[in-house]
Amino acid sequence: MSSLDLIRNFSIVAHIDHGKSTLADRILEVTETLSQREMREQVLDSMELERERGITIKAQAVRVLWRGHQLNLIDTPGHVDFTYEVSRALQACEGALLVVDAAQGIEAQTLANAYLAIENNLEIVPVVNKIDLPQADPAAAAGEVAQLVGEGPDRVLRISAKTGEGVEEVLDAIVERIPPPQGDPAAPPRALVFDSSYDQYRGVVAFVRMLDGRFATRQRVRAMAAGTRFEAEELGFFSPYRSPTPTLEAGEVGYVVTGLKDVSRLRVGDTLTAQENAAIEPLPGYKEVKPTVFAGLFPTDSDEYPALRDALEKLKLNDASLFYEPETSQALGFGFRCGFLGLLHMEIVRERLEREFDLDLLVTAPNVAYRVVTAAGEELEVHNPAEMPPEVELVEEPYIRASTIVPKDHVGSVMELNNDRRGRFHHMEYLSEERVLLAYDLPLAEIVYDYYDQLKSRTKGYASFDYDLLGFEPGELVRLDVLLAGDPVDALSLIVHRDGAYARGRELVDRLREEIPRQLFDVPVQAAIGSRIIARETIKARRKDVLAKCYGGDITRKRKLLERQKKGKKRMKQVGTVEVPQEAFLAVLKLGGERR
Amino acid sequence: MSGGVRHLYVHLPFCAHRCGYCDFVTLVGRRDGHDAYVDALLAELALGRASLAERPETVYLGGGTPTYTEPAALERLLQALPHAAEITVEANPETVTPELARSLRRRGVTRVSLGAQSFQPDTLAVLERRAGPEAVRRAFYHLRDAGFDNISLDLLYGIPGQSPADLVQDLAEAIALGPEHLSCYELEAKPGTRFTFAHGDELARQAEAMEGYFELVVETLVGAGYRWYETSSFCRPGKQARHNLGYWRGEDYLGIGIGAVSTVDGLRWRNSAKLTGYLGALAEGRLPPREEEALDPELLRRERLMLGLRLDEPLALAQVESVVDRAALARMEGLGLAELRPGGLVLTTRGRFLGGGVTAELMAESPAKSTI
């Protein structure tokens, strides 16, 4: 049994590509958790074993030994959308390595993560990585980091995870600077679930940080928030492959195989305790995360609806923040309205659904949550533009504080963009002679629509961007509907600011006219606010659609052509009398923020 | 013993040159092989004679360029074929001499389908046609001189580089010759042909502009007194191509020669397009290698619908009732594209311009065991 004093629990926080995984690999190597040869061979062996048993438990926390200490490295996602996940992971730690690229310096994400770590009272060990790069400026990067965390530049470690230079010093610093876990080994057990995964043979596997007491294999366990009861089928840790242990002790990090088959019964953020000798107080920190960005997800093939439902259910296990409820669209059929923590979160969920679950999806334009007071005085939260009541007293939309770090030459163009997007200047700060932090308050809806691309192109890719949610503010918002041959297309409704409605309506109508193939009759395409038409185009009817020749030798082939034409029609979505190919929806929906 | 098939198709694959846009079964040259091929045709006819009516209604010699066939071999073939009320031979203008015209007439040919395609030197060059405009006209006169009173002209439109004015000119020249029948096709750039390789991009570019060409063709010919009796076919009163009407009315037909297709009693087969296999089998008195396709009654009704809607005559609903989507029919009627008359189902003029799309609408979903 480890004494608490000999345990250190830490995370690595870094901007994407600043070297987090390389440093993690090097730590495994330097601590001889894996030899260089084993790095390859053993990991492979272990994977083979897992394959044999049909087990696919992913390592979310790895235990290494360093100079008589047990160090637990806890993985965190690196983006602001996952603030909740990051904060849960950080809650399981006493310290964090803050890694910054010596050539890039601080990025907006670095800031967000550093603040999160500070808020969680973690001891921060600042590290400047990639000092071996020719374009590295370790002194400048160290200066920025030191200022950020409020320490002297001499306390900033300078390393190259790639060559291994300085990695031992990092491990020493973890032992020296990060405090050991606090906790009562004798108290009733309490463990924070900071992540989980699902294994088809063993059910839900919870990743936990033991705060107090201990768990033993076969112990009867209860999740305090959900009330779920189960038996701990197996306890263990990763080093980096699965290593079962008879017990998990206070201060340790490890996994619990729960055997639960229902993914909704154990939420990340919950506290595990024993069924007998139970703790009274759950650990703080569990909260229902509120999604900020919403979109409708529809299977392109309606037969895949049950598969989509199952997939969402499974994703939800690993992702407590994913929200979904059934949605029926006249145009797109049965699907789900999903809530996400942000745009990246949405992208990730969509990608996982398509890649891991092999689903083909149509995703509507993302929108934010609106707080609405109806004319009758009723208050509601609207997650779907099609549900916005026609008569409203007040609409409030979420605002964010956007932090953008740019080279000083691009400050003007970023300000211009933010002003175009209804932004309010908050403050500006020089991080160094060259780089400026710009803080603006913006409606989240403006970020959801095409903002990243604009930012990228206006700053030639040099901007780094992040945001925090501020709260709700009233706005002059209207619902913009699209009508095809007079019938509204529910999936294409948008909520927009009154000042931008005409431009958006025009853009939508033009795009639809390009994308919808000509039909057997004229199709008016209209954009409307309420009963007022603000833009109109007509898709002219086809004038010719015949198979030129058809004689004895061609009949089979022509019949097949016709059947194929028929089948193609089946794949179209029927909106009133108009057939709309999925591609047209995709093209138009892309206007809603993912245009690249 | 004889059967009930009233239409015979005979494929003569030989050509002097393969035109870039052509995707028919053709063989270039091989003049020394024509006799052997005719022997094989006659052998195949003998094997299939039992299914053919004693006196078929129509015989059609298609190609290839039937009139490119060695005159002696062609005469021998014509002599051996059964007599019929309509015997059509396809001809390319450059092959039509006064002698050939007289010989065809003498051998009982009643109708010639002349592959004019265009009257503009430039467009003919794009099509790699050998005959110039003068040769087209000369061939027509030779046929008239030989006594043919039923001549059809083939015209192509939508040729790369062809302007609307060029098309108007082509139509005027064709009408001026006074043919009894015209077949007008939009040029199809079929995948894999040399033509598509060379002109596919150009055709895609002018696709939109060419949309009105079909209307132009129909309006001009109808204005000149022709009956638009089938999607691509126009005739003087009573001069429909009876052989082709057989296809469009869903009647059985026997096809002989390489690549030829037959449909008899719910069975369709296509002869192999390979000459050596064809000659070898028939030399031994066997049927040539062929691909077969069984057509159940449902499928035949679907074809009936597809083919019948090409015609200007009503399609008796009883024949196709089970494969018509009634809701779609109501929709098409509402759009003024189709009409249900006492005589049956018929497309309106605008419906006929959109015949492919309208037929796809009207055809009910195919049953689970798809035909594709």
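Residues numbered from 1 in each chain as written. Chains lettered and ligands numbered in written order. Predicted model: local features only at pLDDT ≥ 70, side-chain atom pairs only at ≥ 80, totals over all residues.

1. Points about the overall build of chain B
This is how the line gets drawn: Strands here are runs of E lasting at least two residues and helices are runs of H or I lasting at least four, both read from the DSSP assignment and numbered beginning at the N terminus. As a rule, residues whose C-beta atom has 12 or fewer other C-beta atoms within 10 Å are exposed, those with 20 or more are buried, and those in between are partly exposed; C-beta atoms are placed from the backbone. C-beta atoms are first placed from the backbone for all residues, and any pair lying within 7 Å is then listed as a contact.
The helix and strand inventory of chain B stands at 15 helices and 16 strands. Burial status across chain B gives 47% buried among its 372 residues. Across chain B, the fraction of contacts at a sequence separation of at least 24, relative to all contacts at a separation of at least 6, is 71%.

2. Some details on the interface of chain B and chain A
Quick reminder of the rule: Just so you know the grouping, Ala, Val, Leu, Ile, Met, Phe, Trp, Tyr, Cys and Pro go in nonpolar, Asp, Glu, Lys and Arg go in charged, and all remaining residues, Gly too, go in polar.
With 36 residues of chain B in contact, the opposing surface of chain A contributes 24 residues. Broken down by secondary-structure element, the contributors of at least two residues to the side of chain B that touches chain A are β8 (181-186), α8 (213-223), α9 (242-248), α11 (297-308) and α15 (355-362) of chain B. Ranked by the residues each element gives to the side of chain B that touches chain A, the list is headed by α15(B), at six residues. Residues that form the side of chain B that touches chain A fall into these classes: 16 nonpolar, 11 polar and nine charged.

3. Side note on unusual backbone geometry
Cis geometry marks the peptide bond from G63(B) to G64(B); its omega dihedral reads 20 degrees. With respect to the helices and strands, the residue G64(B) is situated in the loop between β4 (58-63) and α2 (71-80). Backbone geometry places K130(A), a non-glycine residue, at a positive phi of 65 degrees. Relative to the elements of secondary structure, K130(A) occurs in the loop between β5 (123-129) and α5 (138-149). Taking the number of C-beta atoms within 10 Å as the measure of exposure, K130(A) has 25 and is therefore buried. Although it is not a glycine, N277(A) sits at a positive phi angle of roughly 55 degrees. Mapped onto the fold, N277(A) is located in the loop between β16 (271-274) and β17 (293-299).

4. Remarks on the nonpolar core
The line we're drawing: Joined through C-beta atoms within 7 Å, a set of buried Ala, Val, Leu, Ile, Met, Phe, Trp, Tyr and Cys residues constitutes a nonpolar core.
The biggest cluster of nonpolar side chains holds 109 residues, and the ones touching the most others in it are V10(B) and Y157(B). With six residues, helix α1 (residues 34-48) of chain B is the largest single contributor of residues to this core. By size, the runner-up hydrophobic cluster in this structure holds 84 residues, among which are F294(A), I348(A), V509(A) and V523(A).

5. Here's the deal with the sheet that holds strand β10 (residues 233-235) of chain B
Residue and element names in this part refer to chain B. Put simply, the rule is: Paired strands, in this sense, are two strands between which DSSP finds at least two bridges. Lines fitted to C-alpha atoms define the axes, with helix axes restricted to the stretch in contact, and inter-axis angles between N-to-C directions lie between 0 and 180 degrees.
Across the sheet, nine strands lie side by side as β9-β10-β8-β7-β6-β5-β4-β1-β11; this open sheet has mixed pairing. Unpaired on one side and paired on the other, β9 (227-230) and β11 (254-256) mark the two borders of the sheet. For this sheet, the mean angle separating the axes of adjacent strands, direction not counted, is 20 degrees. Sheet topology note: the strand β7 (residues 151-157)/β8 ladder contains six bridges and is parallel. Paired with L155 across the two strands is C184, which belongs to β8. Strands in contact with α1 are β1 (7-12) and β11; relative to β11, the strand with the most contacts, it is inclined by about 155 degrees.

6. Quick look at the environment of G164(A)
The topology assignment puts G164(A) in the loop between β6 (157-158) and α6 (167-177). Those residues within four positions of G164(A) in sequence are excluded, and the remaining contacts are R26(A) and V30(A).

7. Points about the packing of helix α13 (residues 326-334) of chain B against α15(B)
All names here are of chain B. Here α13 crosses α15 at 145 degrees, and the two axes come no closer than 8 Å. Here A328, L329 and M332 of α13 lie close against α15, whose contacting residues are V358, E361 and L362. Across the contact of α13 with α15, the residue classes break down as five nonpolar, no polar and one charged.

8. Description of the pairing of β4(B)
Consecutive side chains along a regular strand alternate between the two faces of the sheet. All names here are of chain B. Quick reminder of the rule: By definition, the crossover connecting two strands over a helix is right-handed if that path, from the first strand to the second, turns clockwise as seen with the strands pointing away from the viewer.
Among the six residues that make up β4, six are buried, leaving the element largely enclosed by the rest of the structure. On β4, burial covers both faces: T58, Y60 and G62 on one face and V59, L61 and G63 on the other are all buried. In terms of strand pairing, β1 meets β4 through six bridges, oriented parallel. Considered in β4, the bridge of L8 is made with V59. Bridge analysis of β4 against strand β5 (residues 86-91) gives four bridges, and the strand direction is parallel. When the sheet's bridge partners are listed, V59 is paired in β5 with I87. Taken together, β4, α2 and β5 form a β-α-β motif whose crossover is right-handed.

9. Quick notes on the sheet that holds strand β13 (residues 267-271) of chain B
Residue and element names in this part refer to chain B. In space, the three strands of this open sheet follow the order β12-β13-β14, with antiparallel pairing throughout. The open sheet has two edge strands with one neighbour each: β12 (261-264) and β14 (290-294). Neighbouring strand axes in the sheet, compared pairwise and without regard to direction, differ in orientation by 15 degrees on average. Here five bridges tie β13 to β14, and the two strands are oriented antiparallel to one another. Bridging across to β14, N271 finds its partner in R290.

10. Structural notes on the confidence of the model for chain A
Just so we agree on the cut-off: Confidence scores labelled pLDDT are given residue by residue by the predictor and lie between 0 and 100.
For chain A, the mean per-residue pLDDT works out to 86, and 91% of the residues sit at or above 70. Low pLDDT (under 50) marks residues 592-596 of chain A, which in the prediction has 12 contacts with non-local residues, meaning those over four places away or in another chain.

11. Re helix α9 (residues 411-420) of chain A
Owing to its 3.6 residues per turn, the α-helix brings residues three or four apart onto one side. Residues and elements named next belong to chain A. The cut-off we apply is this: Regarding the arc, it is the one traced by the directions from the helix axis to the C-beta atoms.
Of all the positions in α9, only V414, L417 and N418 are classed as buried. The arc enclosing the buried residues of α9, seen along the axis, measures out at 95 degrees, which places them on a common side. Away from the buried face of α9 by more than 90 degrees, exposed residues G412, E416, N419 and D420 are located. Each element contacted by the buried residues of α9 is listed here: β24 (392-407), β26 (435-443) and α11 (451-458). A positive phi of about 65 degrees marks R422, the residue just after α9.

12. Remarks on the confidence of the model for chain B
Residues and elements named next belong to chain B. Across chain B, the average pLDDT comes to 92, with 98% of residues at 70 or higher. Confidence over residues 368-372 falls short of pLDDT 50; this stretch has five contacts with residues more than four positions distant or in other chains. This complex was scored by the predictor with a pTM of 0.67 and an ipTM of 0.90.

13. As for α15(B)
Of all eight residues in α15(B), eight are buried, a share of seventy percent or more. Taken residue by residue, α15(B) has G355(B), G356(B), G357(B), V358(B), T359(B), A360(B), E361(B) and L362(B) as its buried positions.

14. Comments concerning the pairing of β17(A)
All names here are of chain A. In terms of burial, β17 is largely enclosed, as seven of its seven residues are buried. Neither face of β17 is open: one carries V293, A295, L297 and P299, the other F294, G296 and F298, and all of them are buried. The pairing of β17 with strand β21 (residues 367-368) spans two bridges and is classified as antiparallel. Within β21, the position partnered with F294 by the bridge is N367. Bridge analysis of β17 against strand β20 (residues 361-363) gives three bridges, and the strand direction is antiparallel. Residue P299 lies in a different strand from β20, and its bridge partner there is L361.

15. So, the environment of E446(A)
Residues and elements named next belong to chain A. As for its position among the elements, E446 is in helix α10 (residues 444-448). Overall, E446 belongs to the buried group, with 24 C-beta atoms counted inside 10 Å. Distance in space between the C-alpha atoms of E446 and N367 is 9.6 Å, their sequence separation being 79 residues. Once residues lying within four places of it in the same chain are set aside, the contact partners of E446 are R421, R422 and Y451.

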